[in-house]
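Residues per chain, in single letters:
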Protein chains: 4
Amino acid sequence: MKRLTIIFLLISTITINVSGQRKIIHLPDLPGYVTLKCDLHMHTVFSDGNVWPTVRIDEALRDGLDAIAITDHLEYNPKDDYIPVDHNAAWKIGEQYANDRNFILVHGTEITRKMPPGHFNALFIQDASLLAVDSVMDAYEAAIKQGAFLQWNHPGWKSQEPDGIPKIYPIHRILIEKGWLHGIEFFNDREYYPQIMTVCKQYNLTVMANSDVHGVISEEYSQSVYPNRPMTLAFAKARTSDALKEALFAGRTLVYFGDILAGKEEFARQFFYHCISIGKPYAENEKSIFFEVTNNSDVPFHLVNGIPDAPAALTLAANAVTRVVVNKKVTSPLTYDVKNIITGENEVLKIELRY
Amino acid sequence: MKRLTIIFLLISTITINVSGQRKIIHLPDLPGYVTLKCDLHMHTVFSDGNVWPTVRIDEALRDGLDAIAITDHLEYNPKDDYIPVDHNAAWKIGEQYANDRNFILVHGTEITRKMPPGHFNALFIQDASLLAVDSVMDAYEAAIKQGAFLQWNHPGWKSQEPDGIPKIYPIHRILIEKGWLHGIEFFNDREYYPQIMTVCKQYNLTVMANSDVHGVISEEYSQSVYPNRPMTLAFAKARTSDALKEALFAGRTLVYFGDILAGKEEFARQFFYHCISIGKPYAENEKSIFFEVTNNSDVPFHLVNGIPDAPAALTLAANAVTRVVVNKKVTSPLTYDVKNIITGENEVLKIELRY
Amino acid sequence: MKRLTIIFLLISTITINVSGQRKIIHLPDLPGYVTLKCDLHMHTVFSDGNVWPTVRIDEALRDGLDAIAITDHLEYNPKDDYIPVDHNAAWKIGEQYANDRNFILVHGTEITRKMPPGHFNALFIQDASLLAVDSVMDAYEAAIKQGAFLQWNHPGWKSQEPDGIPKIYPIHRILIEKGWLHGIEFFNDREYYPQIMTVCKQYNLTVMANSDVHGVISEEYSQSVYPNRPMTLAFAKARTSDALKEALFAGRTLVYFGDILAGKEEFARQFFYHCISIGKPYAENEKSIFFEVTNNSDVPFHLVNGIPDAPAALTLAANAVTRVVVNKKVTSPLTYDVKNIITGENEVLKIELRY
Amino acid sequence: MKRLTIIFLLISTITINVSGQRKIIHLPDLPGYVTLKCDLHMHTVFSDGNVWPTVRIDEALRDGLDAIAITDHLEYNPKDDYIPVDHNAAWKIGEQYANDRNFILVHGTEITRKMPPGHFNALFIQDASLLAVDSVMDAYEAAIKQGAFLQWNHPGWKSQEPDGIPKIYPIHRILIEKGWLHGIEFFNDREYYPQIMTVCKQYNLTVMANSDVHGVISEEYSQSVYPNRPMTLAFAKARTSDALKEALFAGRTLVYFGDILAGKEEFARQFFYHCISIGKPYAENEKSIFFEVTNNSDVPFHLVNGIPDAPAALTLAANAVTRVVVNKKVTSPLTYDVKNIITGENEVLKIELRY
């Protein structure tokens, strides 16, 4: 065995072809549920995207997702000089490809209208071509007949709402009353719509986040500021398409983008406490007690507004153990606001560190 | 809440001061043992290194280590025009600093002689100055009297052995006979000495790996080919200095550098099977069965020499799920050589995937 | 002006939309010629590639290229269930898009046959559909009638030549005799064919290198070992399609991949000396003279086989100034072999550093 | 020649030992001047820094600097239990080391007092120990006698000025009147003090930027948001210590940090126009004219407040060619504010693109 062998082994890691491999995103499951990482809004050459459908599945495996929906536009087909319109093409191309890779492909499409009502995704459908009808309400009805989950996309998109603020128009109220609106995007690509948190609470809708990618994922989200795409974390009873659908209809989600988590307080709280563990004090001196907080997740937590004599702010870095030094005279609970877990339009998660 | 808030939160992750935080290296514990990540050979300004002792502890915390030994040279003090010789200086400066950070600092020193016998580290000592004596055997004896673990450093270092091959000189045999030699470095910085595997087996010595760093760790090991420093994984009964010492004397180690693991077969085998888990088949077609292997560790495994009708080679990427497709006509066990787990001078680990 | 402003400015750099921007690759022009960086072999959804043609132009601008050819297969159209065959589609889609970006798109196609003769690119054509004929010689003739430059692709591709060694079959000799073969790929993706250097010299053919990319460039060539795609450097009289064509027919090329340059010695030598400049000695002592070599290019140069009393090896890092220390007793020229500039099947460039 | 050779060549680039190599920072010289990149404020183990003096020179070479000053504290020596105080130690250790590397080491020290007057660097001195006197005015006088350039460090440092705003105290006025204050830091590490721009203009003082590093440069400034340390760009008549001193006394500087440049308008304007070149229009259509702007520097320029019918904002990315599309009806000059070139407390550089 010569020196060269070592070099060769090291190299082989670098040039590995990761085709078919799925990265592990370190995010905890919740009791009774598996946490499915989903991106349910994206495009291919079958509408205005720039890649073939299998690329979307390869990208998602590489990123560690469990499920995607390809949702090409029904009403916008700018490549039809070269590619005949087929609203189910991405599904037909991707279905077996996904199954072979133990990956969930959700059959979807985007109903693409002016605001109001704006753009909507119909997810878990059987035939997108039946939704390609003139009347938008007819399109929604055709989706509902197929059992679809209807998601309102980028509700404050500046091309449709110049002030960036989502508005509930009469047609949205009708959809809510009929039970035809099930979820709304809080994150869409790099945009976010804080007001949606209030709407989702008020009408019991599911908080969603998706990339809406048209180009190449690794080029859009490779930089340090946006290291991963927006995704919906669904707390499902199993890692199946049906269980995912049930979780979405039941509203069991958090959304995740960059280092931000957002969603309903009950899931945010559980999720946070499953990410971290707190050790017993390992040292003390005359003045202080020392203990450690382990964050086993890929999400750093930015704790602020600490009580007097405790650290005013703490960052629990991702996949790291953080040392905490607390003054011995502290007797009240060690409470913090988690600045990057959003639980309402103007609320963040409040937590306590018990050591 | 405005858009800017999101940007600010994201930024705060980047500019985080990680002082006092310890990265989690994803490596499994073994039943009954905690896996301590150790680098037990390094230098500071108190011999020919270029940094202050606390820098070594900060570097190690950042890298996720549990223990280091600072082992400045007894006999080589090139900075003594400016810094008076004090063989215990690094220990005195670092001891409390380490304790406050829940980190194990091992008191050590390097007995620095020509080959034979070459350079040796005395670890777990109480007073290095007592080892600063003329006769090398007297120095060893002073170390042994303090209960030291004696490690032979870089036994094939080209400055001392131009052909790069370690040789067992009479003085080494004497040390072995006296029970004064306990471990030998397999990796030292970027060098490695395959013959040491045979020596360690023959004389029941502990396989070690260390950085021997003189400059700045993050500058030496930041590149893709050498993403982490060489380290000794010790399987200890607890995360304490005493338990580490017991594990080293008992020979319970593997060494880890780049994507290479090396050590005795019994630990290598256990360790590999604790890194991975194998799922039940999730799909099949006329010809093939599909299952997944999950590698929860930071070490990729390069499997080669597969049986006919199974993949000839498989890389189980680190922190990833790998899809395996096997022909249905395969009936014999799915055996592989793990190319990057070295268990002997010319041996690698042989494993079986049971699905 | 507050602190926040600075953070915002810094961020804006990161999130910059680089659409339409062309990176500067630091490679020198030669006297009388501009160095055009070209990748003249790649695929899109119009054959077996996975992206839309405009993606290829965006990728090339981002990488700093001056010219590409999209060369979809004439005889292999696996996506024709969804995309009707149109051999000129990529050209029609890309032509105006390239012009608007001051970028050279070469109209090309790949004549895709078994070995012999293997795969050939016809470049600088007007209508690819005229080449879609049964007889391969008829296809070549149709290309030649359009003034095409004919390039033999991956001549030792293991799918066609299991031993990886290119062979000159009778049909290749006929093409050479007719003057219908103009260039051969030395690099194709990560493969290379050293024997081609001899063939190109013997028959006065042009040395070429291309990516043959089917997926996404930034995913194929983003790692430290393969930081850039293979490219053909053409020494052209102007930055135009016509001048590029003239340069290729005249054989004025070098090829570039990773940190390797290869090609005819006359261009390699000129190119090397235009990359570097040598400073006057800036210091000396009793024993040595010190001078600096500046490498203004993106290519590091690995100099080996130095004369006695000079450094045995020197790396002139890319975009860096390298210090050289030479013993005063050196009187002969400071000659080196440039290990990473290949000028023949078993030859590298020999140079001299004059200080 | 076999395939392995290529792999080996590529690897050799990665593992290159860059000791003694100086990176090229792509920043233009100005007519009659060479642009020296300087960091004139930093610490070593000889005060409260953590590295040996030669590390500072190695770091600076790696970063492409031309000059540094090591400015250990006169009055703060927390390591004196282990290292006897020697105010000239860093200079004595570094002088020859710098000369051998064609690098400018400036002899300096930091006079470290409470605010007012705060901390001051004395640069270009001969003997720091003569400045170690009780009275701060005596210390300044001792520096001036040695011909020193006196720099006021971090004038709004929050440890000394809780509101972060620099204040001109009587002692500062006295220094200005005596001609003993020559420069002030605008950037110190990650802090900046916009008010200093006004002070420097009013009293004709030199604008400075330095890292004030105590730890390891590559760990402090390796992230995307802070890719390089703060530095002073001095426009000097030659690349010598004397010429640098003359340039600083004459006030010919800009400062550079992240993607921000700041300084007097006359230098900022010249510098910007030497970074970029504007091509002739390369295309037009009915509506628009297309031309390119080449930015040959490492600094991106963020142009904002464009005139109507021209792009409202343009980023001229570093080392890139940017395409500009202007409406044909534009007749007035194409003016912009360069958001990241600061020329006053509330001013940025205004420029014009002439195509």
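Please read these numbers as outputs of a predicted model, since none were measured by experiment.

> What should I look at first to understand the overall build of chain A in this one?
When you go through chain A residue by residue, the secondary structure sums to 9 helices and 20 strands. Taking 20 Å as the expected radius of gyration for a compact globule of 355 residues, we find that chain A reaches 23 Å, a close match to that expectation. If one aligns the C-alpha atoms of chain A with their principal axes, the spans along those axes are about 75 × 65 × 35 Å. When the accessible area of chain A is evaluated, it comes to approximately 13,000 Å², of which 50% is carbon and sulfur surface. Counting 34 positive and 42 negative side-chain charges, chain A places the averaged centre of each group 7 Å from the other.

> I tried to follow helix α6 (residues 195-203) of chain A on my own but got confused; where do I start?
Three- or four-residue spacings in an α-helix give side chains the same orientation, since the helix completes a turn every 3.6 residues. Residues and elements named next belong to chain A. All of the buried residues along α6 are I196, M197, V199 and C200. One face of α6 carries all of its buried residues, which in axial projection span an arc of 165°. Buried residues along α6 sit in contact with β7 (183-188), β9 (206-210), β12 (260-263) and β19 (334-344).

> Explanation requested: the packing of aromatic side chains in the structure shown.
Scanning the entire structure with this criterion turns up 68 aromatic pairs over all chains. Ring geometry for F120 of chain C against W152 of chain C: centres 6.2 Å apart, planes inclined by 10°, an arrangement best described as stacked. Of this pair, F120 of chain C sits in strand β5 (residues 119-123) while W152 of chain C sits in strand β6 (residues 149-152), and the two are 32 residues apart along the sequence. Residue F120 of chain C shares its accessibility class with W152 of chain C, and that shared class is buried. Above the ring of W52 of chain C, the side-chain terminus of K79 of chain A is found at 4.8 Å from the ring centroid.

> Sorry, what's going on with the pairing of strand β18 (residues 320-327) of chain A here?
Within a regular strand, side chains alternate between the sheet's two faces. For β18 of chain A, the tally of buried residues reaches 7 of 8 residues, placing the bulk of the element in the interior. As paired elements, strand β15 (residues 288-295) of chain A and β18 of chain A share 8 bridges and run antiparallel to each other. Its bridge partner lying in β18 of chain A, F290 of chain A is registered against V325 of chain A. Here β18 of chain A pairs with strand β1 (residues 21-23) of chain B via 3 bridges, running antiparallel. From the neighbouring strand, A320 of chain A faces β1 of chain B, where its bridge partner is K23 of chain B.

> Teacher, can you tell me more about the side chain of T112 of chain D here?
Residue and element names in this part refer to chain D. Tracing the backbone shows T112 in strand β4 (residues 104-112). Under the relative-accessibility criterion, T112 is labelled buried at 15%. Here the side chain of T112 touches E110 through a polar contact of 3.0 Å, landing on its backbone oxygen. Apart from residues no more than four positions distant in its own chain, T112 is found in contact with H73, L74, E75 and H119.

> I tried to follow the pattern of salt bridges on my own but got confused; where do I start?
A side chain with one charge can pair with a side chain of the opposite charge if their charged atoms come near. Within the structure shown, the criterion is met by 80 salt bridges over all chains. The shortest N-O distance in the salt bridge between E75 of chain A and R113 of chain A comes to 2.9 Å. One end of the pair, E75 of chain A, is in the loop between β3 (67-70) and α3 (89-100); the other, R113 of chain A, is in the loop between β4 (104-112) and β5 (119-123), with 38 residues separating them in the sequence. Given the relative accessible area of 17%, R113 of chain A is considered buried. The network of salt bridges with shared partners includes R22, D66 and R239 of chain A together with E292 of chain B.

> Looking at this model, I keep getting lost on the environment of I289 of chain B. Mind explaining?
Residue and element names in this part refer to chain B. By the element assignment, I289 lies in strand β15 (residues 288-295). For the pair I289 and V325, spaced 36 residues apart in sequence, the C-alpha to C-alpha distance is 5.7 Å. Every residue in contact with I289, bar those within four places of it in the chain, is listed here: P281, A283, E284, V324, V325, V326, K328 and Y355.

> I'm lost on the side chain of H182 of chain D in this one. Help?
All names here are of chain D. Along the chain, H182 turns up in the loop between α5 (170-178) and β7 (183-188). Residue classification places H182 among the buried residues on the basis of a relative accessible area of 13%. A polar atom in the side chain of H182 sits 2.8 Å from the backbone nitrogen of L150. The residues contacting H182, other than those within four sequence positions of it, are I144, A148, F149, L150, L205, T206 and F249.

> Help me understand the environment of T198 of chain C, please; the structure alone is not making it clear to me.
Residue placement: T198 of chain C occurs in helix α6 (residues 195-203). Separated by 20 residues in the primary sequence, T198 of chain C and S218 of chain C have C-alpha atoms spaced 32 Å apart.

> Would you mind showing me how to read the confidence of the model for chain A here?
All names here are of chain A. The predicted model of chain A has a mean per-residue pLDDT of 93, with 94% of residues at 70 or higher. Predicted confidence for residues 1-18 stays below pLDDT 50, and this span has 45 contacts to residues more than four positions away or in other chains. Among the scores for the predicted complex, ipTM is 0.93 and pTM is 0.95.

> I would appreciate a short explanation of the pairing of strand β9 (residues 206-210) of chain D in the present structure.
Residue and element names in this part refer to chain D. Most of β9 sits inside the fold, with 5 of its 5 residues counted as buried. By the bridge criterion, 5 bridges tie β7 to β9 in an arrangement that is parallel. Looking at the pairing, G183 lines up with T206 of β9.

> Mind showing me how you'd approach helix α2 (residues 53-63) of chain A here?
Residue and element names in this part refer to chain A. Counting buried positions along α2 gives 8 out of 11 residues, so the element sits mostly inside the fold. Turning to α2, its buried residues are P53, T54, V55, R56, I57, E59, A60 and L61. As for α2, its buried residues are in contact with β1 (21-23), β3, α3, β4 and α7 (217-220). Two residues or fewer after α2 comes G64, characterised by a positive phi angle close to 85°.

> Help me out: how do you make sense of the packing of α2 of chain A against α3 of chain A in this one?
Between two packed helices, both the angle of their axes relative to each other and the distance between the axes serve to describe the pair. Residues and elements named next belong to chain A. Contact geometry for α2 and α3: axes closest at 8 Å, N-to-C directions at 40°. Taken as axis vectors, α2 and α3 run oblique relative to one another. Helix-helix and strand crossings are classified by hand; for α2 and α3 the assignment is right-handed. Together, P53, T54, I57 and D58 of α2 and A90, I93, G94, Y97 and A98 of α3 make up the contact between the two elements. Split into classes, the residues belonging to the contact of α2 with α3 amount to 6 nonpolar, 2 polar and 1 charged.

> Looking at this model, I keep getting lost on the packing of helix α4 (residues 136-145) of chain A against helix α5 (residues 170-178) of chain A. Mind explaining?
All names here are of chain A. Following both chains from N to C, one finds α4 and α5 inclined at 25°, their axes separated by 13 Å at the closest point. The angle between α4 and α5 falls in the class roughly parallel. Seen along the crossing, α4 lies across α5 with a hand that is right-handed. Every residue of α5 that contacts α4 at V136, M137 and Y140 is listed here: I171, I174, L175 and K178. Its residues assigned to classes, the contact of α4 with α5 shows 6 nonpolar, no polar and 1 charged.

> Even after reading the chapter, I still don't get unusual backbone geometry, so can you show me in this structure?
Of all residues except glycine, most have a negative phi; of all peptide bonds, most are trans. Residue and element names in this part refer to chain C. Here M115 and P116 are connected by a cis peptide whose omega angle stands at -15°. The topology assignment puts P116 in the loop between β4 (104-112) and β5. Even without a glycine there, the phi angle at N319 is positive, about 50°. Its place among the elements puts N319 in the loop between β17 (314-316) and β18 (320-327). By relative accessible area, N319 is classed as buried at 14%.

Cut-off values and rules
Residues numbered from 1 in each chain as written. Chains lettered and ligands numbered in written order. Predicted model: local features only at pLDDT ≥ 70, side-chain atom pairs only at ≥ 80, totals over all residues. Heavy atoms only, no water. Helix = DSSP H or I, 4+ residues; strand = E, 2+ residues; numbered from the N terminus. Rg over C-alpha atoms; globule rule 2.2 N^0.38 Å. Areas by Shrake-Rupley, 256 points an atom, 1.4 Å probe, with all protein chains shown as cover. Lys, Arg positive; Asp, Glu negative; His and termini not counted. Charge placed at Lys NZ, Arg CZ, Asp CG, Glu CD. Buried < 20%, exposed > 50% of the residue type's maximum accessible area, 1.4 Å probe, protein only. Arc of directions from axis to C-beta. Contact = heavy atoms within 4.5 Å. Phe/Tyr/Trp six-rings, centres within 6.5 Å; stacked < 30°, edge-to-face > 60°. Lys NZ or Arg CZ within 6 Å of the ring centre and 35° of its normal. Pairing = 2+ DSSP bridges. Polar contact = N/O pair within 3.5 Å; in protein donor to acceptor, adjacent residues only side chain to side chain. Salt bridge = Lys/Arg side-chain N within 4 Å of Asp/Glu carboxyl O. pLDDT = per-residue confidence, 0-100. Axes fitted to C-alpha atoms, helices over the stretch in contact; angles between N-to-C directions. Parallel < 35°, antiparallel > 145°, perpendicular 65-115°, else oblique. Left-handed = near helix turned anticlockwise from the far one by under 90°. Nonpolar A, V, L, I, M, F, W, Y, C, P; charged D, E, K, R; others polar.

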